[in-house]
Amino acid sequence: MLIELFGKNFGCFRDEFRLSMLATDIDRDSERGVVNVKVEGDPEPLRLLRCAAIYGANASGKTTVLEAAASLRHLIGESTIVGLKATEHYYRPFALGDIRGGPVELGARVLIGGHVYEYRVTYEKERIRSERLVCLDSNNEDVLIDRVDQKVRGLWMDDDRVRLITEDFRPHSLVLSLASQFSPTLAEPVSLGLTNSLIWWANADIHDDTIQPVFVIQQMVRDNEYATWTAKHLRRADVGTLDVRAQLAPRTPYSLGGYLVPADPQKTTGSSPDDLLNYELSFYHKSVEGAIPLTYADESAGTRHWLNLAPMLYELEQSNSEWAFFVDELDGSLHPTLLCEAVRRINARPADSIGPQVIFTAHETALIDGEAQSAILRRDQVYLTEKDETGAATLKSLVEFKERQVSNMRKRYLAGRYGAIPIVGD
């Protein structure tokens with residue numbers, strides 16, 4: 001699970017930014033939006049937030065926070081691919097200063113198997129400058145990887161395979177990634193724990209009615225419980241919808257390498273994306289003549305957006321995984337009532353129920369309407385982004401503003417008390 005994401009000199013963030021998922025003491029008696037997780041050797045559970053929202057004006061850095069998480073995840077997953085220089089793809093230093101360039105720093109603190117790990121990497125376009133992985137137990141700080149350029153130290157160097165690969169390796173490859181490949185028993189749980197805490201949930205292009213959400217169809221075909229859940233909640237989100245089904249459709253011929261591949265209606269396993277070409281979504285709407293099926297292309301942008309989010313929302317409500325999802329514009333094309341219900345249900349899970357987290361950007365302020373002690377989002381679940389006169393962005397928590405729990409967050413935000421809103425007019 002994610003404890004903290006941090007970085008420096010990335011995108012519009014010239015200076016250090018930190019997004020913490022640690023629950024504060026502002027509402028100690030309430031377990032709303034909190035999950036208690038056990039840490040080995042510590043009698044007190046770690047209180048983490050189930051979700052966090054980032055507000056701010058357009059182009060103020062909200063999405064950049066999410067992109068930082070995605071870039072760190074891709075660096076870990078792609079740095080050892082032959083022929084691909086991941087550092088070049090995800091090197092995005094602050095571009096508006098007098099001194100452009102310089103190393104980018106990204107890192108995260110996560111909980112994996114009851115242990116707290118902190119991982120950070122500093123890199124340039126052509127190489128990794130430094131890399132550090134630390135296991136933070138209640139009383140100890142075990143340095144597992146301590147790398148500066150091509151020199152590597154740390155406890156993992158006691159492993160013969162890790163020590164061997166660090167004698168000669170590419171300057172743009174991460175030691176963590178190499179160790180996960182060549183000594184999986186030692187390193188793979190940490191590598192997977194980190195990447196599972198930095199999952200970018202890519203929103204489909206809801207305005208392109210020709211592309212059906214493959215992952216949604218795949219999961220509906222394989223999991224009846226999920227299919228039932230999806231149909232039930234879609235009835236709430238889409239007025240007039242009775243059911244949604246993933247069903248077999250005639251495969252249409254398609255071009256492959258200049259040759260026309262014929263349809264194969266017998267291939268119905270759904271075991272690969274190509275197999276899913278046999279399936280299509282049908283939305284059954286009530287009419288005077290009974291239930292009438294409509295295609296995905298007939299549905300509204302809001303319905304498509306909700307359907308694309310459905311697998312993640314299902315995980316957030318039902319799963320006991322320790323993943324963390326990052327979603328840009330969770331509120332896009334959704335009615336505020338639906339958005340509020342979804343976030344309220346996430347925050348309503350019992351504190352002893354382990355489950356995924358979600359960090360999202362939004363503009364809809366209904367989530368922070370009402371007194372802070374009873375609003376859908378807690379004050380420590382709200383982050384704000386804002387740019388200064390030099391174009392550098394800052395990320396701050398609403399907790400940094402000292403105010404009472406009876407204050408209405410929405411009114412104070414829209415009144416400009418917290419900043420992070422567009423200035424309209426001259």
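Check the entry above for the structure.
Residues numbered from 1 in each chain as written. Predicted model: local features only at pLDDT ≥ 70, side-chain atom pairs only at ≥ 80, totals over all residues. Heavy atoms only, no water.

**Digging into the overall build of the protein**
Point 1. A count of helices and strands for the protein gives 10 helices and 20 strands.
Point 2. Pairs at least 24 residues apart make up 65% of the contacts formed inside the protein by residues separated by at least 6 positions. (Helix = DSSP H or I, 4+ residues; strand = E, 2+ residues; numbered from the N terminus. Contact = heavy atoms within 4.5 Å.)

**Describing the environment of Ile26**
Point 1. Residue placement: Ile26 occurs in the loop between β2 (17-20) and β3 (34-37).
Point 2. Given the relative accessible area of 22%, Ile26 is considered partly exposed.
Point 3. Apart from residues lying up to four places away in sequence, Ile26 is in contact with Arg378, Arg379, Asp380, Val399 and Gln405. (Buried < 20%, exposed > 50% of the residue type's maximum accessible area, 1.4 Å probe, protein only.)

**Details of the packing of aromatic side chains**
Point 1. In the structure shown here, the tally under the stated rule is 10 aromatic pairs.
Point 2. Pairing Tyr91 with Tyr123 gives two aromatic rings, centres 6.4 Å apart and planes at 65 degrees, and the pair type is edge-to-face. Separated by 32 residues along the polypeptide, Tyr91 in the loop between α2 (86-89) and β6 (104-112) and Tyr123 in strand β7 (residues 115-123) bring together distant segments of the chain. Exposure class is identical for Tyr91 and Tyr123. Each is buried.
Point 3. Both rings, one in Trp229 and one in Tyr314, keep their centres 5.4 Å apart while their planes meet at 70 degrees; by these two values the pair is edge-to-face. (Phe/Tyr/Trp six-rings, centres within 6.5 Å; stacked < 30°, edge-to-face > 60°.)

**Looking at the sheet that holds strand β1 (residues 2-8)**
Point 1. Spatially, the seven strands line up as an open sheet ordered β2-β1-β6-β7-β8-β9-β10, and their pairing is antiparallel. A single partner strand is all that each edge strand has here, and the edge strands are β2 and β10 (151-153). The average angle at which neighbouring strand axes cross in this sheet is 10 degrees, direction not considered.
Point 2. Here β1 runs beside β6; their pairing, made up of six bridges, is antiparallel. By the bridge assignment for β6, Leu2 is matched with Val110. (Pairing = 2+ DSSP bridges. Axes fitted to C-alpha atoms, helices over the stretch in contact; angles between N-to-C directions.)

**Quick notes on the side chain of Thr80**
Point 1. As for its position among the elements, Thr80 is in the loop between α1 (62-78) and α2.
Point 2. Ignoring any residue separated from it by four or fewer positions in sequence, one finds Thr80 in contact with Ser173, Leu174, Ser177, Leu178 and Gln181.

**Here we look at the packing of helix α7 (residues 224-237) against helix α8 (residues 301-318)**
Point 1. Two elements in contact, α7 and α8, have axes separated by 10 Å at closest approach and are oriented at 125 degrees. In this view, α7 runs oblique relative to α8, as classed from their interaxial angle. Taken as a pair, α7 and α8 cross one another with a handedness that is right-handed. Contacts from Glu225, Tyr226, Trp229, Thr230, His233, Leu234 and Ala237 of α7 reach α8 at Thr303, Trp306, Leu307, Ala310, Pro311, Leu313, Tyr314, Glu317 and Gln318.
Point 2. Class assignment for the residues of the contact of α7 with α8 results in 10 nonpolar, four polar and two charged. (Parallel < 35°, antiparallel > 145°, perpendicular 65-115°, else oblique. Left-handed = near helix turned anticlockwise from the far one by under 90°. Nonpolar A, V, L, I, M, F, W, Y, C, P; charged D, E, K, R; others polar.)

**Description of the pattern of salt bridges**
Point 1. For the structure shown, the criterion picks out 23 salt bridges.
Point 2. Two residues, Glu124 and Arg129, come together in a salt bridge whose shortest N-O distance is 2.7 Å.
Point 3. The residue Glu131 makes a salt bridge to Arg147 at a minimum N-O spacing of 3.0 Å. You can see Glu131 sitting in strand β8 (residues 128-136) and its partner Arg147 sitting in strand β9 (residues 141-148), a full 16 residues away along the chain.
Point 4. Its relative accessible area of 1% is what places Glu131 among the buried residues. (Salt bridge = Lys/Arg side-chain N within 4 Å of Asp/Glu carboxyl O.)

**Let's talk about helix α4 (residues 175-182)**
Point 1. A large share of α4 lies buried, amounting to six of its eight residues.
Point 2. Within the sequence span of α4, burial applies to Val175, Leu176, Ser177, Leu178, Ala179 and Ser180.

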